[in-house]
Amino acid sequence: MPALRSTSRGPDVPDEATAEDLARSAAAGDREALDRLLTGLRPEVVRRCGRFLPCREDAEEAAQDVLLQVARHISGFEGRSRFSTWLHTVVANCCRQKYRELKRRAAERPAVIEPAEHVDPRTTSVIAGFRVDLLEALDRLEREHPHLVAPLVYRDVCRLDYAEAAERAGIPLGTFKSRLHEARKRVRPWLRVY
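Every value quoted in this text rests on a predicted model; they were computed, and no experiment measured them. (Residues numbered from 1 in each chain as written. Predicted model: local features only at pLDDT ≥ 70, side-chain atom pairs only at ≥ 80, totals over all residues. Heavy atoms only, no water.)

*Asks:* What exactly am I supposed to notice about the overall build of the protein here?
*Replies:* Helices and strands together make up the secondary structure of the protein, namely 8 helices and 0 strands. Mapped in sequence order, the helices and strands of the protein form the string α-α-α-α-α-α-α-α. Looking at the protein as a whole, 40% of its 194 residues qualify as buried. For the protein, the proportion of contacts with a sequence separation of at least 24, taken over those separated by at least 6, is 64%. (Helix = DSSP H or I, 4+ residues; strand = E, 2+ residues; numbered from the N terminus. Buried < 20%, exposed > 50% of the residue type's maximum accessible area, 1.4 Å probe, protein only. Contact = heavy atoms within 4.5 Å.)

Shown next as structure tokens:
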């Protein structure tokens, strides 16, 4: 069984090669490998979820969902693409689902803002505002043009290279690039400029 290697990310965070080995072993039914994989990936998964969700607590909740999905569906990891690519997909889907859930909850129970709790817009994070705008744009894109969501998420959010992103989306590279261009064009006016 592969040992977790010490990296600059911390002593228990698996490097990519170790994560690949652990994922393959876990996919084959090795429970100890799965436990080690999940434990080692947690900090990285929280960081990746933070790219989508501005609130730390929301990112941590989404990370829990990601780890649960990895545990439930690791047997579906066939090793045709890198584990990190497979994980990017799970992270993106769980974060988008968490955002929709938060949005639905907020719509069901609108919060009353007390004067003392009012947020000063001068201290609100520009990055956090951009993330919320991006999630809103992805939500709208999914409603209006669902076939354009995966290219935008894989390339611009998950930062996969073009070939890997096209493979993950299951479409030819030329089609992927065309859809990505169209997705960017449609989303651009929906994003606020800071």
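*Asks:* I keep staring at the nonpolar core and nothing clicks. Help me out?
*Replies:* Counting residues in hydrophobic clusters, the biggest one holds 52 residues, and the most contacted among them are C49, V66, I74 and F83. Counting only elements with at least two residues in this core, the list comes to α1 (16-27), α2 (31-52), α3 (56-73), α4 (83-108), α5 (126-144), α6 (149-157), α7 (162-169) and α8 (173-187). Apart from residues no more than four positions distant in its own chain, V66 is found in contact with V45, C49, L87, V90, V91 and C94. (Core = buried A, V, L, I, M, F, W, Y, C linked by side-chain atoms within 4.5 Å.)

*Asks:* Sorry, what's going on with the packing of α2 against α4 here?
*Replies:* For any two helices packed against each other, one specifies the crossing angle of their axes together with the interaxial distance. At a minimum axis separation of 10 Å, α2 and α4 run at an interaxial angle of 55 degrees. As summarised for this structure, α2 and α4 are arranged oblique, according to the angle between their axes. Viewed along their axes, α2 and α4 form a crossing whose handedness is right-handed. Residue-level inspection shows L37, L41, V45, R48, C49, R51 and F52 of α2 in contact with α4, the latter providing F83, S84, L87, H88, V91, A92, C95 and R96. Tallied by class, residues from the contact of α2 with α4 come to 10 nonpolar, 2 polar and 3 charged. (Axes fitted to C-alpha atoms, helices over the stretch in contact; angles between N-to-C directions. Parallel < 35°, antiparallel > 145°, perpendicular 65-115°, else oblique. Left-handed = near helix turned anticlockwise from the far one by under 90°. Nonpolar A, V, L, I, M, F, W, Y, C, P; charged D, E, K, R; others polar.)

*Asks:* Sorry if this is basic, but what is going on with the packing of aromatic side chains here?
*Replies:* A ring pair, where both rings are aromatic, is described by two values, the distance of the centres and the angle of the planes. Applying the stated criterion across every chain yields a total of 4 aromatic pairs. Considering the side-chain rings of F77 and F83, the 5.5 Å spacing of their centres and the 85 degrees angle between planes classify their relative orientation as edge-to-face. In this structure F77 comes out as buried when scored by relative accessible area, which is 5%. Between Y162 and F176, the aromatic rings sit 6.4 Å apart at their centres with planes inclined by 80 degrees, giving edge-to-face as the arrangement. Here Y162 is found in helix α7, whereas its partner F176 is found in helix α8, with 14 residues between them in sequence. (Phe/Tyr/Trp six-rings, centres within 6.5 Å; stacked < 30°, edge-to-face > 60°.)

*Asks:* Hey, could you run me through the environment of D30 in this one?
*Replies:* Looking at the element boundaries, D30 is found in the loop between α1 and α2. Judged by its relative accessible area of 25%, D30 falls in the partly exposed class.

*Asks:* Would you mind showing me how to read the packing of α6 against α8 here?
*Replies:* In contact at an axis separation of 8 Å, α6 and α8 are set at 85 degrees when each is read in the N-to-C sense. Our classification of the angle between α6 and α8 gives roughly perpendicular. In this structure, α6 uses P151, L152, R155 and D156 to contact α8, whose residues at the interface are F176, R179, L180, A183, R184 and V187. Residue composition of the contact of α6 with α8, by class: 6 nonpolar, no polar and 4 charged.

*Asks:* Teacher, can you tell me more about α1 here?
*Replies:* Note on helix geometry: an α-helix contains 3.6 residues per turn, so any two residues three or four positions apart are oriented the same way. Across its 12 residues, α1 extends 16 Å between first and last C-alpha, which sits within 8% of the 16 Å expected from 1.5 Å per residue. Turning to α1, its buried residues are T18, A19, E20, L22, A23 and A26. Along its buried surface, α1 packs onto α2 and α4. Positive phi shows up at G29, right after α1, with a value of about 110 degrees. (Expected span 1.5 Å × (residues − 1).)

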